[in-house]
Amino acid sequence: MTDHDRPGAAAAVRGLDPVVSLAMGVQAGPGVYALLLGAGMSRDAGVPTGWEVVADLVRRAAVACGADEELAAVDPESWWARHGDGGPLGYSGPAGGAG
């Protein structure tokens, strides 16, 4: 099966603006495309940054331990250094990922 045989495949049309061709392909094939955008785009859309997710996990860990939530929220790295697993706070450690 070629690209032209697939339903919803956007074939380049001579004389058609490439942006219009892409838009038509996206519209014709819902769920087929993924957009890879930078942190600025997601941040503006209200999606928390990776660091905000890590900081929130530290805040939740502090609450679960009965610690001062404010202290953990103000300086998550310091709180984690004193009360965490001894490793640095980051994306690949237990607080920030599946290390």
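In case you missed it, the structure is sitting above this.
## Considerations on the overall build of the protein
Move 1: On a plain count of helices and strands, the protein comes out with five helices and zero strands.
Move 2: Classification of the 99 residues of the protein by burial places 15% in the buried group.
Move 3: Accessible surface, the protein: about 7,400 Å² in total, of which carbon and sulfur atoms supply 60%.

## Some words on helix 3 (residues 50-64)
Move 1: The end-to-end C-alpha distance of helix 3 is 21 Å, a good match for the 21 Å that 15 residues give at a rise of 1.5 Å each.
Move 2: Among the residues making up helix 3, those that are buried are Val54, Ala55, Val58 and Ala62. Relative to the axis of helix 3, the buried residues are bounded by an arc of 100 degrees and lie together on one face. Seen from the buried face of helix 3, the exposed residues on the opposite side, beyond 90 degrees, are Arg60 and Ala64.
Move 3: Considering only its buried residues, helix 3 is in contact with helix 4 (69-74) and helix 5 (76-83).
Move 4: Backbone geometry just after helix 3 places Gly66 at a positive phi near 75 degrees.

## Some words on the pattern of salt bridges
Move 1: Evaluated as defined, the whole model comprises two salt bridges.
Move 2: As a salt-bridge pair, Arg60 and Asp56 come within 2.8 Å of each other at their nearest N and O atoms. Of this pair, Arg60 and Asp56 both sit in helix 3, four residues apart, which is roughly one turn of the helix.
Move 3: Asp56 sits in the partly exposed class, given a relative accessible area of 25%.
Move 4: One network of salt bridges, with partners in common, ties together Asp56, Arg59 and Arg60.

## Thoughts on the packing of helix 3 against helix 5
Move 1: Contact pair helix 3 / helix 5: the axes reach a minimum separation of 10 Å and the direction vectors enclose 45 degrees. It follows from the interaxial angle that helix 3 and helix 5 lie oblique. Crossing hand, helix 3 versus helix 5: left-handed. In this structure, helix 3 uses Trp51, Ala55, Val58, Ala61 and Ala62 to contact helix 5, whose residues at the interface are Pro76, Glu77, Trp79 and Trp80.
Move 2: Residue classes in the contact of helix 3 with helix 5 are distributed as eight nonpolar, no polar and one charged.

## Digging into the packing of aromatic side chains
Move 1: Taken as a whole and judged by the stated rule, the model has one aromatic pair.
Move 2: Residues Trp79 and Trp80 carry aromatic rings whose centres are separated by 6.5 Å and whose planes lie at 40 degrees to one another, so their mutual orientation is tilted. One exposure class covers both Trp79 and Trp80, and it is buried.

About the criteria used
Residues numbered from 1 in each chain as written. Predicted model: local features only at pLDDT ≥ 70, side-chain atom pairs only at ≥ 80, totals over all residues. Heavy atoms only, no water. Helix = DSSP H or I, 4+ residues; strand = E, 2+ residues; numbered from the N terminus. Buried < 20%, exposed > 50% of the residue type's maximum accessible area, 1.4 Å probe, protein only. Areas by Shrake-Rupley, 256 points an atom, 1.4 Å probe, with all protein chains shown as cover. Expected span 1.5 Å × (residues − 1). Arc of directions from axis to C-beta. Contact = heavy atoms within 4.5 Å. Salt bridge = Lys/Arg side-chain N within 4 Å of Asp/Glu carboxyl O. Axes fitted to C-alpha atoms, helices over the stretch in contact; angles between N-to-C directions. Parallel < 35°, antiparallel > 145°, perpendicular 65-115°, else oblique. Left-handed = near helix turned anticlockwise from the far one by under 90°. Nonpolar A, V, L, I, M, F, W, Y, C, P; charged D, E, K, R; others polar. Phe/Tyr/Trp six-rings, centres within 6.5 Å; stacked < 30°, edge-to-face > 60°.

All we've got here are geometric facts, nothing functional implied.
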